[in-house]
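Residue-level structure breakdown
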Amino acid sequence: MSTPSLLTPTQAAPSIAGLFGSDGTCCLSVSEERAFGGEWLPLGRIRLAHTGTDRSPPTVSKLLQRGAYEWEVPCHDASVATASSLLAAHPQDRRRVGRALDEVASIAVRVGLLHPRFDSMAIEQMPFRRSTTVVADTSGILQGALDFVARFLHPAARVKVPAIAQMEVANLADRFLQIRRADSGKRRIRELMEHLTSQGGQRALLRLELQADTEIERTYLLGDPLRSAFERDSSSDVQGLNISAPIRSYADRLILEAARHHQAQSGPAHVVRLLTGDQGLARMALSEGVRPLYFTTTTAGGVFGETLSGLTFHPFSGHCHYVSLTALVWELATGFGTARLSNSDSAGFQVSAIGEGLSWAPYHADQDLLWCTQILPLSKPPPAGNGVKQLHAPEHHPGSGGGPSTQSAGSTPSTSFLRFNVQRMFRVVCAIDDNQEMTTQQAEDVIQAKSAEYRRFLQSGRIADVTRGTWVANDRTRHLSAALRNERVDEVRDLLLCTPSFAAFVEHLGELSVGQTLDLEPVGRGLTTYATMGEIAMVCASVPGRGIFPTPECPEPEAFADIALRRFLALDTQSLGLVATGEWLESLVMDEGIHPEVARRLLDQASETGLIRRSTEGSTPQLRFNDRIVHVLRSDSGTPIVERAFLYRGDYLIPGKASVSLRIEAAS
């Protein structure tokens, strides 16, 4: 079993596809580590709906992402009996266990394998012909109706989520965590139910906010002016009115008030509908003049014992609509805590959202990352190319005499310097990661040039697998793509060092001392390419007319403050108190071996911590220095960009400032 690793659904798809062997089936099971005591509840089989002979992981991965599978759910009675045994439930608690399994049906509705059963009058008006606002209550969030509205009725339907509905979901999560922390083992059924509802509800809200293109509006928390009438009051004047007991459906009242408030703010032609599966709230809405978008809750009886297909029809257009297998696995893992797919060879893939030793951070939700573990069969070696065991490029030291070997035994990796456009190379890496598999023609469409040099570079470092004209993603593809999209330069450098030619280029730089320039002759025609990659990886920087200098130094902010002031005073020969920003940066490159990106970051830190004082003056760009640039990695909406940063323009050091002259003073 490999160690848990954070992966997105797209990154996990090839590993899941590798589980489907000749029979094309996998077993699906889930676990709640506290409630089930570490045991697993079987949830049927996943069968690959594919009649072709090609069962290679790339092909299977593409099929599973497009819904070419069937989920054979076990019968309800057997599942309730198994769950009761895992929960150590008494016979009289079987009904509560069955209610907990109703959440499996809610999961199927949320991902789109099933649709909510709406009121016939509501269906008659779908899809909406004019602008409509749908205000969702908590039942709509938990039971998948809100996902249906966002998936099939948007954009005509605008979605509003009242703040009180979010608070109710947050309260569910708080109750679940209280039970989990108590660790008494006496409320296992309650813990399972709270886990399924709270985490499923939170994921539904996060998915619509962070991943879907649906515009979700939040209403402020309204307060009913009659609230005081339902607070306890010992005054004798109001005891006879019998209104001292708190009203139980006050949360529903606030949700309805949010709908009525929006109705009052909208024009007469604008329709406001209240999405709910609660009969009481639906009746209240009717009596208040708000039309409910009422649906009936889908129970476990509508899912268990059935076969659900990942490929369905759009309910209104008739076009094909598909649900990827990873979407189902991610939803089950969030609801129960852990989901697992396994095959007949005892190999498996496990996805966990919560557990002992598993951390969480906001970027996990933003990128839809969950903890994934590949379970390897005892009798077989690890699969090559589609596993998650090796998540990082092997360590490489520039002075070791070349990059790591990626060739077969007895062959020598090529260290010839190639010539290609670095930004296009980054672009094709991300395209391979997005598509998982591309033909040479598709790759050349992305590159907009012949692909031979790009292919040789990527193959030499196993950054992509290219066989028979097909470019296939692997672990290094995924990690380089993620590093590029998130501007993680250190990871980009480590992965580029897997290629023998770039490793040899860095090795040449490592043989130089600070202030020496690189011999350009060995690099030959690939000079521009490797100099650009070196600047992006922050191992070198070019100074026109001087050469390419190594930049291995990265001092601490305290030491950098002394270096920055010393270089500034050395350049301020006329005692004007001002030095050109580019001149100062180039002196750090040539005399101190500090890359401009490192200098830029350390200058900010030294200034913010009060080690030095900096200021700028002047605003006229010095156009004669427009060739003094450094190539840096930037990301725009998830697309990596190789940007030319002009060193003699003040906005490089201080964004938003046009000043071109820099003043550095010692802190008082």
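Check the entry above for the structure.
Residues numbered from 1 in each chain as written. Predicted model: local features only at pLDDT ≥ 70, side-chain atom pairs only at ≥ 80, totals over all residues. Heavy atoms only, no water.

1. Focus: the overall build of the protein
The condition is simple: Strands are runs of DSSP state E lasting at least 2 residues, helices are runs of H or I lasting at least 4, and numbering of each runs from the N terminus. When checking whether two residues touch, look at their non-hydrogen atoms; a contact exists if any pair is within 4.5 Å. In short, Shrake-Rupley with a 1.4 Å probe defines the accessible areas, and a residue's cover is counted only from the protein chains shown.
Tallying secondary structure elements over the protein gives 24 helices and 26 strands in all. Counting contacts in the protein only where the partners sit at least 6 residues apart, residues at least 24 apart contribute 71% of the total. Total accessible area on the protein is roughly 30800 Å²; 49% of this is exposed by carbon and sulfur atoms.

2. Let's talk about the sheet that holds strand β4 (residues 69–72)
Rule in force here: The pairing criterion for strands is at least two bridges between them, as found by DSSP. Fitting a line to C-alpha atoms yields each axis, with helices limited to the stretch in contact; the angle taken between N-to-C directions then spans 0 to 180 degrees.
What the 8 strands build is an open sheet, ordered β1-β16-β15-β14-β2-β3-β4-β11; its pairing is antiparallel. Whereas interior strands pair on both sides, the edge strands pair on one side only; in this sheet they are β1 (5–7) and β11 (307–309). Recorded for the sheet is a direction-independent mean angle of 30 degrees between the axes of neighbouring strands. Together, β1, β2 (25–31), β3 (41–48), β4, β14 (338–342), β15 (348–352) and β16 (370–375) form the strand contacts of helix α13 (residues 325–336), whose direction differs from that of β14 by roughly 140 degrees.

3. Concerning the sheet that holds strand β17 (residues 437–439)
Spatial ordering of the open sheet is given by β17-β19-β18, a layout of 3 strands whose pairing is antiparallel. Sheet topology places β17 and β18 (465–467) at the edges, where each strand pairs with a single neighbour. Strand-to-strand twist in this sheet, taken as the mean axis angle between neighbours without regard to direction, amounts to 20 degrees.

4. With respect to the environment of alanine 531
Convention followed: Remark: exposure states derive from per-residue accessible area (1.4 Å probe, protein chains only) relative to the maximum for the residue type, with buried under 20%, exposed over 50%, and partly exposed in between.
In this structure, alanine 531 sits in helix α21 (residues 527–536). Note on alanine 531: relative accessible area 8%, which makes it buried. Spatially, the C-alpha atoms of alanine 531 and phenylalanine 502 are 9.9 Å apart, while their sequence positions differ by 29 residues. Ignoring anything within four residues of it in the chain, the contact list for alanine 531 reads Phe505, Cys540, Ser542 and Ile548.

5. Digging into the pairing of β14
The buried count for β14 comes to 4 of 5 residues, which makes it a mostly enclosed element. Where β2 meets β14, 5 bridges bridge the pair, whose relative direction is antiparallel. Each bridged residue has a counterpart across the sheet, and for serine 29 the counterpart in β14 is arginine 340. By the bridge criterion, 5 bridges tie β14 to β15 in an arrangement that is antiparallel. Bridge pairing links alanine 339 to valine 351 in β15. Between β14 and β15, which follow one another and run antiparallel, lie 5 residues, and serine 346 among them has a positive phi close to 70 degrees.

6. Concerning the nonpolar core
To keep things clear, this is the line we draw: Nonpolar cores were defined as sets of buried Ala, Val, Leu, Ile, Met, Phe, Trp, Tyr and Cys residues, with membership established by side-chain atoms within 4.5 Å.
Trp71, Leu325, Leu328 and Phe336 are the most contacted members of the largest nonpolar core, which has 58 residues in total. Sorting elements by how many residues they give to this core places helix α4 (residues 94–111) first, with 9 residues. Among all residues touching tryptophan 71, those that are not within four sequence positions of it are Leu28, Leu43, Arg45, Ile46, Val104, Leu113, Glu306, Thr307, Leu308 and Leu328. In terms of nonpolar packing, the next biggest core, distinct from the first, is built from 49 residues, Val429, Ala464, Phe502 and Tyr530 among them.

7. Digging into helix α2 (residues 57–65)
Note the threshold: Throughout, the arc means the angular range of directions from the helix axis out to the C-beta atoms.
Every buried residue of α2 is accounted for by Val60, Ser61 and Leu64. Summarising the axial view, the buried residues of α2 lie within an arc of 105 degrees, below the 170-degree limit, and thus occupy one face. Against α1 (9–17), β3, β4 and α13 lie the buried residues of α2. Phi turns positive, to about 80 degrees, at glycine 67, one or two residues after α2.

Honestly, it's all geometry; don't read function into it.
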